Amino acid sequence: MKRKEFVQKICMAGIGGALGVSFLESCASLSNLYNVKDPIKEDALWVPLEAFQSKGKGLPYLVVHHDELKFPICVYNPSEQEFTALWMQCTHQGAELQVFGNKLECPAHGSEFDSTGKVENGPASQDLRTFETALSGEYLKIILR
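Residue numbering note: each chain is counted from 1, following its sequence as written. Residue-level local features of this predicted model are given only where pLDDT is at least 70; pairs of side-chain atoms are given and counted only at 80 or more, and the full residue set underlies all totals for whole chains, interfaces and linings. In computing side-chain values, all of the structure's heavy atoms are included and hydrogens and water are not.

If you look the protein up in an unreviewed UniProt entry, it shows as Rieske (2Fe-2S) protein from Candidatus Sphingobacterium stercoripullorum.

Some words on unusual backbone geometry
Although it is not a glycine, Glu 42 sits at a positive phi angle of roughly 55°. For Glu 42, the position within the fold is in the loop between β1 (33-35) and β2 (44-48). The residue Asp 43 is not glycine, and still its phi comes out positive at about 55°. Structurally, Asp 43 is set in the loop between β1 and β2. Remark: exposure states derive from per-residue accessible area (1.4 Å probe, protein chains only) relative to the maximum for the residue type, with buried under 20%, exposed over 50%, and partly exposed in between. Overall, the relative accessible area of 46% leaves Asp 43 in the partly exposed class. Only DSSP runs of H or I with at least four residues qualify as helices, and only runs of E with at least two residues qualify as strands; both kinds are numbered from the N terminus onward.

Let's talk about the sheet that holds strand β8 (residues 112-114)
Sheet strands line up and pair through hydrogen bonds in the backbone, either parallel or antiparallel. Read from one edge of the open sheet, four strands run β6-β7-β8-β9, paired in antiparallel fashion. In this open sheet, the two strands that pair with only one neighbour each are β6 (98-100) and β9 (119-121). Adjacent strand axes in the sheet meet at a mean angle of 35°, parallel and antiparallel pairs treated alike. For two strands to be treated as a pair, DSSP must find at least two bridges joining them. Each axis is a line fitted through C-alpha atoms, taken for helices only over the stretch in contact, and angles between the N-to-C directions span 0 to 180 degrees.

A closer look at the nonpolar core
To qualify as a nonpolar core, a set must consist of buried Ala, Val, Leu, Ile, Met, Phe, Trp, Tyr and Cys residues joined through side-chain atoms within 4.5 Å. Judged by nonpolar contacts, the single largest core of 19 residues is most densely connected at Leu 45, Val 47, Phe 52, Val 64, Ile 73, Val 75 and Ile 142. For this core, the elements supplying multiple residues, two or more each, are β2, α2 (50-53), β3 (61-65), β4 (73-79), β5 (82-87) and β11 (139-143). Only heavy atoms enter the contact rule, under which two residues are in contact if any of them lie within 4.5 Å. The residues touching Ile 142, leaving out its near neighbours within four places in the chain, are Asp 43, Ala 44, Leu 45, Val 47, Val 64, Ile 73, Val 75, Ala 85, Phe 131, Glu 132 and Thr 133. Grouped together as the second largest cluster of nonpolar side chains are 14 residues, Tyr 61, Leu 97, Leu 104 and Cys 106 included.

Topic: the pairing of β2
Most of β2 is tucked away, with five of its five residues classed as buried. Of the strand pairs in this sheet, β2 and β11 are connected by five bridges, and their pairing is antiparallel. Bridge pairing in β11 links Leu 45 to Ile 142.

Quick notes on the packing of aromatic side chains
Any two rings among Phe, Tyr and Trp, with Trp reduced to its six-membered ring, count as a pair given centres within 6.5 Å; such a pair is stacked if its planes are under 30 degrees apart, edge-to-face if over 60, and tilted if neither. This structure, assessed with the given rule, holds five aromatic pairs. Pairing Trp 87 with Phe 131 gives two aromatic rings, centres 5.8 Å apart and planes at 75°, and the pair type is edge-to-face. Pair noted here: Trp 87 is in strand β5 and Phe 131 is in strand β10 (residues 130-136), with a separation of 44 residues, a long-range link. Both residues of the pair, Trp 87 and Phe 131, count as buried. The ring of Trp 46 carries Lys 41 above its face, with NZ or CZ at 5.8 Å from the centroid. A cation sits over an aromatic face here: Arg 129 above Trp 87, 5.8 Å from the ring centre. For a ring to carry a charge above it, either NZ of a lysine or CZ of an arginine must fall within 6 Å of the ring centroid while also lying within 35 degrees of the normal to the ring plane.

What follows is the structure, given as structure tokens:
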């Protein structure tokens, strides 16, 4: 094999590996997707607490989707009684955010937010919209006002 061919194959393998890791990370976030099928009532989404218990191993969040909402809501659950609900729309130019562990990232321009919605890296300068949450029996109520 000639040197040029060898370098090309090594580069392609590196690119393929990077794409593979990216794909696996996106699959991991899909395992933490919960679709709320019940209608929005009392201006709130009602998510069964069992959805948080069955979320992907080692991932600290659940992405909540409802057909009536333009964007999903990322809910972090750092402890049994503590929940932080974040609107997954970038405050810079409105792109849908992606979740990577304790961070939300904008695929459009690279803004990053922490698990409380605070801007960590711009170009976004405004924190994410948050929603009040409340425990109600076997449900987490995400208040959409």
